[in-house]
Amino acid sequence: MEKKVSIRVVVTGGAGYIGSHVCKLLVKRGFDVLVIDNLSTSSGRNCRYGHLIKLDLAEEEKVLAVLKEFAPQIIMHFAAFIVVPESVERPLMYYYNNVGNTLKLLSAMKKAGIEKFIFSSSAAVYGIPTEIPVSESAELRPISPYGESKAMVEKILRDMALAGEIRYVSLRYFNVAGADPEGEIGPLYNQPTHLILRALKTAKGEFPYLEIFGTDYPTPDGTCIRDYIHVMDLAEAHLLAMEYLLDGGESTILNCGYGRGYSVREVVEVAKRVTGIDFEVRETGRRPGDPPVLIARTDKIRSLLDFRPRYDDLYAIIRHAWLWENKI
Ligand code: UDP
């Protein structure tokens, strides 16, 4: 992608896991990046690229002032709560932050005359899909407040786009994993719930054993299958989506995955090989709300954005995550 010196980008949640990787790519390619983050779930340690303003999106007037002054051509909106079981326990907190604060951001954006928007959506909007791989046109039947909050924002975006107020790309992430191959940034969670992080932290000795949640699913080895995408490929997808909108592209929704899946057992096997550590694994019962198989149909992102992943390789994903784990 060509260097675009004059393009200004606001990244909400740019101190978080995915946002910080996107910021790195943006800055490396010459974009002018302003991060708005309240640092509620991140420390700022990963915010090495772009200028950080510590601000909560609930403060609409302050956000508006920042947007007016920086005058970005586009906003990328990552800031959200992301823990599915927590959303089941504290739905209001999720709707307030993920929907309420997004409404405030959109309203400030409209007042500031900014038109282009990239939204961090999730495969959680599909719930338990009836077709695999699941395409963007599948019915949305989220089964958690987290997934519901993402589906709600997608509806708001659709209606604003229909009214001619915005042009947007909603990126539905599948299972994002891995870390910056250069080892500068990566996931920072004290209590990670995601499989690859749990496995690597178990290998490090931070957990006594890894649980496999459910071995009686209707899959070849009985464990759930997911489409793991390297965070750097996902970051690249954001830059392509931005380029698409800047070039005048129509509003659209795109799955972000590789279009193939690995079972929990396969992930555990690769994690053991990459780390060289035969950590303890215990098979336990199913975790509520887990769809047996979640794999993206990816023809849309491949054709519309010419998305060509560089790290479509579970070994590379886990190797880069391990490199990072050993630095923190
Ligand atoms: N999983 C597991 N043990 C763990 C964490 C996750 O067996 O410690 C399983 C989980 O039940 C699911 C898959 O790994 O089938 C991926 O879960 P993860 O939380 O990484 O992502 P999700 O698909 O829920 O977004």
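Scroll up to find the structure this text is about.
It should be emphasised that the depicted structure is a prediction, and the values quoted were computed from it without experimental measurement. (Residues numbered from 1 in each chain as written. Predicted model: local features only at pLDDT ≥ 70, side-chain atom pairs only at ≥ 80, totals over all residues. Heavy atoms only, no water.)

Colleague: Tell me what's going on with the sheet that holds strand E11 (residues 252-256), and back it up with residues and numbers.
Modeller: Judged by pairing direction, the sheet is parallel, and its 7 strands sit side by side in the order E3-E2-E1-E4-E5-E6-E11 without closing on themselves. Of all strands in the sheet, those with a lone pairing partner are strand E3 (51-54) and E11, marking the two edges. On average, adjacent strands in this sheet sit at an angle of 20° to one another, irrespective of strand direction. (Pairing = 2+ DSSP bridges. Helix = DSSP H or I, 4+ residues; strand = E, 2+ residues; numbered from the N terminus. Axes fitted to C-alpha atoms, helices over the stretch in contact; angles between N-to-C directions.)

Colleague: Can you lay out the packing of aromatic side chains for me, pointing to particular residues and giving the numbers?
Modeller: If you walk through the whole model with that rule in mind, you get 3 aromatic pairs. Taken together, a centroid distance of 6.4 Å and an interplanar angle of 75° make the contact between tyrosine 17 and tyrosine 189 edge-to-face. You can see tyrosine 17 sitting in helix H1 (residues 17-28) and its partner tyrosine 189 sitting in the loop between strand E7 (175-177) and helix H6 (195-203), a full 172 residues away along the chain. In this structure tyrosine 17 comes out as buried when scored by relative accessible area, which is 12%. Their ring planes at 55° and their centres at 5.4 Å tell us that phenylalanine 81 and tyrosine 94 sit as a pair that is tilted. Placement of the pair is phenylalanine 81 in the loop between strand E4 (74-77) and helix H3 (84-89) and tyrosine 94 in helix H4 (residues 91-111), with a sequence separation of 13 residues. Tyrosine 94 carries the same exposure label as phenylalanine 81, and that label is buried. One residue, arginine 282, lies across the ring of tyrosine 209, its end atom 3.8 Å from the ring centre. (Phe/Tyr/Trp six-rings, centres within 6.5 Å; stacked < 30°, edge-to-face > 60°. Buried < 20%, exposed > 50% of the residue type's maximum accessible area, 1.4 Å probe, protein only. Lys NZ or Arg CZ within 6 Å of the ring centre and 35° of its normal.)

Colleague: I'd like a rundown of the environment of phenylalanine 81, residues and numbers included.
Modeller: A residue is classified by how much of its surface remains accessible, and phenylalanine 81, at 18% relative accessible area, is buried. Residues phenylalanine 81 and methionine 109, spaced 28 residues apart in sequence, show a C-alpha to C-alpha distance of 21 Å. In this view, phenylalanine 81 contacts Ser40, Thr41, Met93, Tyr94, Asn97, Asn98 and Tyr146; residues no more than four positions away in its chain are not counted. (Contact = heavy atoms within 4.5 Å.)

Colleague: Hey, could you go over H6 for me, with residue numbers and the actual values?
Modeller: Of all 9 residues in H6, 8 are buried; the element is thus mostly enclosed. All of the buried residues along H6 are Leu195, Ile196, Leu197, Ala199, Leu200, Lys201, Thr202 and Ala203. On its buried face, H6 sits against E7, strand E8 (210-213), strand E10 (228-230), helix H8 (264-275) and helix H10 (314-325). One or two positions beyond H6, positive phi appears at glycine 205, with a value near 95°.

Colleague: Describe the state of the cysteines, naming the residues involved and giving the relevant values.
Modeller: Within this structure, the stated rule accounts for 0 disulfides. Of all cysteine sulfurs, the one in cysteine 47 lies closest to cysteine 23, which takes part in no disulfide; the gap is 5.9 Å. Accessibility expressed as a relative area gives 1% for cysteine 23, which makes it buried. (Disulfide = S-S within 2.5 Å.)

Colleague: Which residues make up unusual backbone geometry, and what values do they have?
Modeller: Cis geometry is adopted by the peptide bond preceding proline 133, which originates at isoleucine 132 and carries an omega value of -5°. Residue alanine 71 is not a glycine yet carries a positive backbone phi of 50°. Along the chain, alanine 71 turns up in the loop between helix H2 (60-70) and E4. On the accessibility criterion, alanine 71 (34% relative accessible area) is partly exposed. Located in the positive-phi region is aspartate 306, a residue other than glycine, with phi close to 55°. When you line up the elements, aspartate 306 lands in the loop between helix H9 (299-305) and H10. For aspartate 306, a relative accessible area of 42% puts it in the partly exposed group.

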